[in-house]
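Below, each chain spelled out in residue letters.
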Amino acid sequence: QQQAQQQEEMEEVDEYEKEYIDYFRKVYGDNPRSDFFGIDGCALFCLIYIVIAGVVLSLLYFSVYARTRHLPLWGHPPSPSSLAGK
């Protein structure tokens, strides 16, 4: 039944499309995988979301750190030169 259905699909497409269909079936098989690192769907979306959020938050953190390196928040005591301005 599946071969008959595939044969009907082949008859409906022209030669140009048939060439692409045959190429992708030869390279990827009848059921190409759509996963990445063995996960797909919602789990893949969550992984990408966490990675992008981590990169963005790291950029924000390091940009703030680069401007104010001697803030007590970073674990360094304030330098005497920064206290002299107060």
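What you see is a predicted model, and the numbers here were worked out from it, not measured in a lab.

Thresholds, definitions, all that
- Position numbers for residues start from 1 in each chain and track the written sequence from start to end.
- Local features in this predicted model are restricted to residues whose pLDDT is 70 or higher, and side-chain atom pairs enter the listing and the counts only when it is 80 or higher, whereas totals over whole chains, interfaces and linings include all residues.
- Side-chain measures here rest on the full set of heavy atoms in the structure, leaving out hydrogens and waters.
- Every helix listed is a DSSP run of H or I at least four residues long, and every strand listed is a run of E at least two residues long, numbered separately from the N terminus.
- For the exposure calls, accessible area comes from a 1.4 Å probe over protein chains only, and a residue counts as buried if that area is under 20% of its type's maximum, exposed if over 50%, partly exposed in between.
- Accessible areas in this description were obtained via Shrake-Rupley with a 1.4 Å probe; residue shielding takes into account the shown protein chains only.
- Here a salt bridge means any side-chain nitrogen of Lys or Arg lying within 4 Å of a carboxyl oxygen belonging to Asp or Glu.
- Criterion for a disulfide: a pair of cysteine sulfur atoms within 2.5 Å.
- Patch construction takes residues with relative accessible area above 30% that form no salt bridge. Like charges are linked within 9 Å, and nonpolar side chains (Val, Leu, Ile, Met, Phe, Trp, Tyr) are linked within 5 Å.
- pLDDT measures how confident the predictor is about each residue, on a scale from 0 to 100.
- Positive: Lys, Arg. Negative: Asp, Glu. His and the chain ends are not part of the count.
- Charge coordinates come from a single atom per side chain, which is NZ of Lys, CZ of Arg, CG of Asp or CD of Glu.

Some details on the overall build of the protein
No. 1: On a plain count of helices and strands, the protein comes out with four helices and zero strands.
No. 2: For the protein, the proportion of its 86 residues judged to be buried stands at 3%.
No. 3: When the accessible area of the protein is evaluated, it comes to approximately 8100 Å², of which 61% is carbon and sulfur surface.

Observations concerning the pattern of salt bridges
No. 1: Per the stated rule, a full pass over the model turns up one salt bridge.
No. 2: Here D22 makes a salt bridge to K18, at a shortest N to O gap of 3.0 Å. Placement of the pair is D22 and K18 together in helix α2 (residues 15-28), with a separation of four residues, close to one helical turn.
No. 3: You can call D22 partly exposed: its relative accessible area is 32%.
No. 4: Classification of K18 by relative accessible area gives partly exposed; the value is 28%.

A few points about the state of the cysteines
No. 1: What the rule picks out here adds up to zero disulfides.
No. 2: Between C42, a free cysteine, and C46, which holds the nearest cysteine sulfur, the sulfur-to-sulfur gap is 4.1 Å.
No. 3: Judged by its relative accessible area of 58%, C42 falls in the exposed class.
No. 4: For C46, a relative accessible area of 35% puts it in the partly exposed group.

Points about a nonpolar patch on the surface
No. 1: Together, Y16, Y20, Y23, F24, V27 and Y28 make up an exposed nonpolar region whose accessible area comes to about 680 Å².
No. 2: Along the chain, Y20 falls in helix α2.

Topic: the confidence of the model for the protein
No. 1: Of the residues in the protein, 63% have a pLDDT of 70 or more, and the chain-wide mean is 76.
No. 2: Summarising per-element confidence for the protein, the mean pLDDT is lowest in helix α4 (residues 80-84) (57) and highest in helix α3 (residues 42-67) (91).

Digging into a negative patch on the surface
No. 1: On the surface, D14, E15, E17 and E19 cluster together to form a negatively charged patch.
No. 2: One can find E17 in helix α2.
No. 3: By relative accessible area, E17 is classed as partly exposed at 41%.

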